[in-house]
Amino acid sequence: MPALSGEFINGTWTGLVTLSGSSGNALVRVLDGNGHLGTSDLFILESAADLNGDGLPDAWQTRYFGTNAVASGPGDDPDHDGFTNLQEFQAGSDPLNPNSAIRISNLRLIDGDVRIQFQSILGKAYRVERSDNPSFRVPTVVADFVPALAP
Ligand SMILES: [Ca+2]
Ligand SMILES: [Ca+2]
């Protein structure tokens with residue numbers, strides 16, 4: 001459970017919730033204290049166990065690579081999209097699909113504002129940063145914890 005509930009923005013609360021326990025089917029629900037109850041759809045809770053200590057949860061590796069260990073390491077890029085398996089895991093993208101990767105797909109200037117478009121993965125949240133320096137050493141956070149939207 002989160003220590004702080006955070007604020008609602010346009011009627012929506014977004015935050016990280018840690019679900020402990022064994023892997024399997026799970027759901028979450030919210031209560032408002034006035035008898036109103038909301039329940040999520042059933043989803044699969046995967047174990048974060050990493051018995052071989054390579055930085056990737058074993059359940060994630062098994063889901064994508066089965067028992068075939070070829071190109072399933074954290075530094076491998078079996079779909080050749082330029083993102084390692086570790087980066088794909090962190091981003092929530094598919095390590096076997098080169099079209100599934102975090103990339104800015106459209107960037108436009110509109111009346112002095114910048115409109116950025118990128119593929120998002122449901123269940124992930126994103127930080128948008130900017131910098132005047134191409135090295136991006138000291139970026140400024142433009143927006144933080146931007147949730148992915150349902151397709
Ligand atoms: Ca990849
Ligand atoms: Ca990919």
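Residues numbered from 1 in each chain as written. Chains lettered and ligands numbered in written order. Predicted model: local features only at pLDDT ≥ 70, side-chain atom pairs only at ≥ 80, totals over all residues. Heavy atoms only, no water.

S.K.: How would you explain a nonpolar patch on the surface if you had to name every residue and give the values?
M.R.: Taken together, the side chains of I104, L107, L109, V114 and I116 define a hydrophobic patch exposed on the protein surface, amounting to about 500 Å² of accessible area. Mapped by element, the contributors of at least two residues to the nonpolar patch are β5 (104-110) and β6 (113-118). Considering each element in turn, the nonpolar patch owes the most residues, 3 residues, to β5. In this fold, I104 is placed in strand β5. Looking at I104, the relative accessible area reads 55%, which means it is exposed. (Patch = residues over 30% accessible without salt bridge, like charges linked within 9 Å, V, L, I, M, F, W, Y side chains within 5 Å. Areas by Shrake-Rupley, 256 points an atom, 1.4 Å probe, with all protein chains shown as cover. Salt bridge = Lys/Arg side-chain N within 4 Å of Asp/Glu carboxyl O. Helix = DSSP H or I, 4+ residues; strand = E, 2+ residues; numbered from the N terminus. Buried < 20%, exposed > 50% of the residue type's maximum accessible area, 1.4 Å probe, protein only.)

S.K.: Summarise the domain arrangement of the protein chain; cite the residues concerned and give the values.
M.R.: Note on interface size: it is often stated as the accessible area lost on association of the parts. Domains assigned within the protein chain are domain 1 (47-91) and domain 2 (104-147). Averaged C-alpha coordinates put domain 1 and domain 2 at centres separated by 26 Å. (Domains from an automatic or database assignment.)

S.K.: How would you explain unusual backbone geometry if you had to name every residue and give the values?
M.R.: Of note in the backbone geometry, D111 takes a positive phi value of approximately 50° without being a glycine. Here D111 shows up in the loop between β5 and β6.

S.K.: So what about the coordination of the calcium ion (ligand 2)? Which residues, and what values?
M.R.: Geometrically, a metal with four donors at the corners of a regular tetrahedron has ideal angles of 109.5 degrees, and one with six donors at the corners of a regular octahedron has ideal angles of 90 or 180 degrees. Taken together, D79 (OD), D81 (OD), E88 (OE), E88 (OE), D94 (O), N97 (O) and S100 (O) make up the full set of protein donors to the calcium ion (ligand 2), lying 2.3 to 2.6 Å away. Of note, the donors binding the calcium ion (ligand 2) are all from one chain and are spaced D-x1-D-x6-E-x5-D-x2-N-x2-S. For the pair the calcium ion (ligand 2) and the calcium ion (ligand 1), the metal-to-metal distance amounts to 4.1 Å, and D79 bridges them. Remark: S100 occurs in the loop between α2 (85-91) and β5 and D81 occurs in the loop between α1 (58-65) and α2; sequence separation between them is 19 residues. (Donors = N, O, S within 2.8 Å, 3.2 Å for Na, K, Ca; no water.)

S.K.: Lay out the coordination of the calcium ion (ligand 1) with the relevant residues and their values.
M.R.: Within the protein, D77 (OD), D79 (OD), D81 (OD), F83 (O) and E88 (OE) serve as the donor atoms for the calcium ion (ligand 1), at 2.3 to 2.4 Å. In primary sequence terms, the donor set of the calcium ion (ligand 1) follows D-x1-D-x1-D-x1-F-x4-E.

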